Amino acid sequence: MKTLLHPTYFPNIAIFAVIIRNKVIWEIEDNYQKQTYRNRCYISTDQGKHMLTIPIKHVGGKEGRQKYKEVQLDNSYSWQRQHWRTLQTAYRTSPFFEYYEDDIAPLFEKEHFFLLDFNLKTIETICSCLQIEMPSEKTLTYQKSIETQNPKANTVDARFLVNAKKEIRFVQETYIQVFGSRHGFIENLSVLDLLFNEGPHTIPFLQNQNLDFIYA
């Protein structure tokens, strides 16, 4: 089944479960919107749930809205160094951080310029870590809606998953997290949390998740 998704920054577990289980089409022709996972992800630190946000260059004045694929990163701030240091601090004691560290680190060492390109690169990197093929199909035009939203459809519109403020009906299985004894289990974090804690078990874990939420 084909599923229409927005590329996001190190997608959360719900989104990556969809990527693992479906043939994905990346939505790249939409306008950028705030309060989404396009430029944020959530991890678990010693302080609890923590948001990593990518700063972007905002278009103002007469230009108004801009295409997602045209949004540029604001590299005047050393956000890459900060994000990587935060990840190192949060996950250096996790079972598989050292195993994947050399794969993830280059994303934060090379300067990137466009948010969409960087997000696709983060997804490609995770796919490489999991030794699965990166989805390559992309939209050519923007369509506000597609024909239907049911399991028998040829294409399912799951673009709503990009909304960071909308709760989804996702009942996720648990796994051992670094700070679980301190904060309890925190669900639907970035796939990085799952990867660093579960390693090779990441794929079967994602394959076992219930995806009924994409038909809500």
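(A) Looking closely at the sheet that holds strand S5 (residues 155–157). Pairing is parallel across the open sheet formed by three strands, whose spatial order is S2-S1-S5. The sheet is open, and its two borders are formed by strand S2 (23–26) and S5, each paired with just one other strand. The average angle at which neighbouring strand axes cross in this sheet is 30 degrees, direction not considered. Inspection of the sheet shows strand S1 (residues 2–5) paired to S2 by four bridges, in the parallel sense. Across the sheet, residue Lys 2 finds its bridge partner in S2, namely Lys 23. Along the sheet face, helix H1 (residues 13–21) touches S1 and S2 and points at about 145 degrees away from the line of S1.

(B) Spatial organisation of the packing of aromatic side chains. With the rule as written, the count across this model stands at 13 aromatic pairs. Ring geometry for Tyr 9 against Phe 10: centres 5.2 Å apart, planes inclined by 45 degrees, an arrangement best described as tilted. One aromatic cluster in this structure is built from Tyr 9, Phe 10, Trp 79, Trp 84, Tyr 91, Phe 97, Phe 108, Phe 118 and Phe 196. Looking at Arg 38, its charged tip hangs above the ring of Tyr 68, at a distance of 5.3 Å from the centre. Against the face of Tyr 42 rests Lys 49, its NZ or CZ located 4.6 Å from the ring centre.

(C) Expanded view of helix H3 (residues 97–104). Of the residues making up H3, those classed as buried are Phe 97, Tyr 100 and Ile 104. Burial along H3 is one-sided: seen end-on, the buried residues are contained in an arc of 85 degrees. Opposite its buried face, H3 presents the exposed residues Glu 98, Tyr 99 and Asp 102, each directed more than 90 degrees away. Residues of H3 that are buried in the fold lie against helix H2 (79–91), helix H4 (115–130) and helix H6 (191–198).

(D) A look at the state of the cysteines. Using the criterion set out here, one finds zero disulfides in the structure. The cysteine Cys 41 is free of any disulfide, with Cys 129 supplying the nearest cysteine sulfur at 15 Å. Judged by relative accessible area, which is 2%, Cys 41 ranks as buried. A disulfide-free cysteine, Cys 127 has its sulfur positioned 9.3 Å from the sulfur of Cys 129, the nearest such atom.

(E) Region of interest: the packing of H3 against H4. The geometry of H3 relative to H4 is characterised by a closest axis approach of 10 Å and an angle of 135 degrees between their N-to-C directions. In terms of axis orientation, H3 runs oblique to H4. Judged by the sense of rotation from one axis to the other, the crossing of H3 with H4 is right-handed. Residues Tyr 100, Asp 103 and Ile 104 of H3 touch H4, and the partners they reach there are Thr 125, Ile 126 and Cys 129. Counted by class, the contact of H3 with H4 contains four nonpolar, one polar and one charged residues.

(F) View of the nonpolar core. Judged by nonpolar contacts, the single largest core of 60 residues is most densely connected at Leu 5, Tyr 9, Phe 10, Phe 16, Trp 26, Ile 104 and Ile 126. Elements supplying a minimum of two residues to this core: H1, S2, strand S3 (40–45), H2, H3, H4, H6 and helix H7 (202–207). A total of nine residues in this core trace back to one element, the largest contributor, which is H4. If you look at the next biggest cluster of nonpolar residues, it comprises five residues, including Tyr 37, Tyr 42, Ile 186 and Leu 189.

(G) The arrangement of the pattern of salt bridges in detail. Enumeration according to the criterion identifies seven salt bridges in this entry. The salt bridge involving Glu 29 is made with Lys 67; its shortest N-O contact spans 3.8 Å. Of this pair, Glu 29 sits in the loop between S2 and S3 while Lys 67 sits in the loop between strand S4 (48–53) and H2, placing them 38 residues apart in sequence. A relative accessible area of 12% places Glu 29 in the buried class. By relative accessible area, Lys 67 is classed as partly exposed at 27%. The shortest N-O distance in the salt bridge between Arg 159 and Asp 157 comes to 2.8 Å. When its relative accessible area of 7% is taken as the criterion, Arg 159 is described as buried. One salt-bridge network, in which partners are shared between bridges, spans Glu 27, Asp 157 and Arg 159.

Each value, and the rule that gives it
- Residues numbered from 1 in each chain as written.
- Predicted model: local features only at pLDDT ≥ 70, side-chain atom pairs only at ≥ 80, totals over all residues.
- Heavy atoms only, no water.
- Pairing = 2+ DSSP bridges.
- Helix = DSSP H or I, 4+ residues; strand = E, 2+ residues; numbered from the N terminus.
- Axes fitted to C-alpha atoms, helices over the stretch in contact; angles between N-to-C directions.
- Contact = heavy atoms within 4.5 Å.
- Phe/Tyr/Trp six-rings, centres within 6.5 Å; stacked < 30°, edge-to-face > 60°.
- Lys NZ or Arg CZ within 6 Å of the ring centre and 35° of its normal.
- Buried < 20%, exposed > 50% of the residue type's maximum accessible area, 1.4 Å probe, protein only.
- Arc of directions from axis to C-beta.
- Disulfide = S-S within 2.5 Å.
- Parallel < 35°, antiparallel > 145°, perpendicular 65-115°, else oblique.
- Left-handed = near helix turned anticlockwise from the far one by under 90°.
- Nonpolar A, V, L, I, M, F, W, Y, C, P; charged D, E, K, R; others polar.
- Core = buried A, V, L, I, M, F, W, Y, C linked by side-chain atoms within 4.5 Å.
- Salt bridge = Lys/Arg side-chain N within 4 Å of Asp/Glu carboxyl O.

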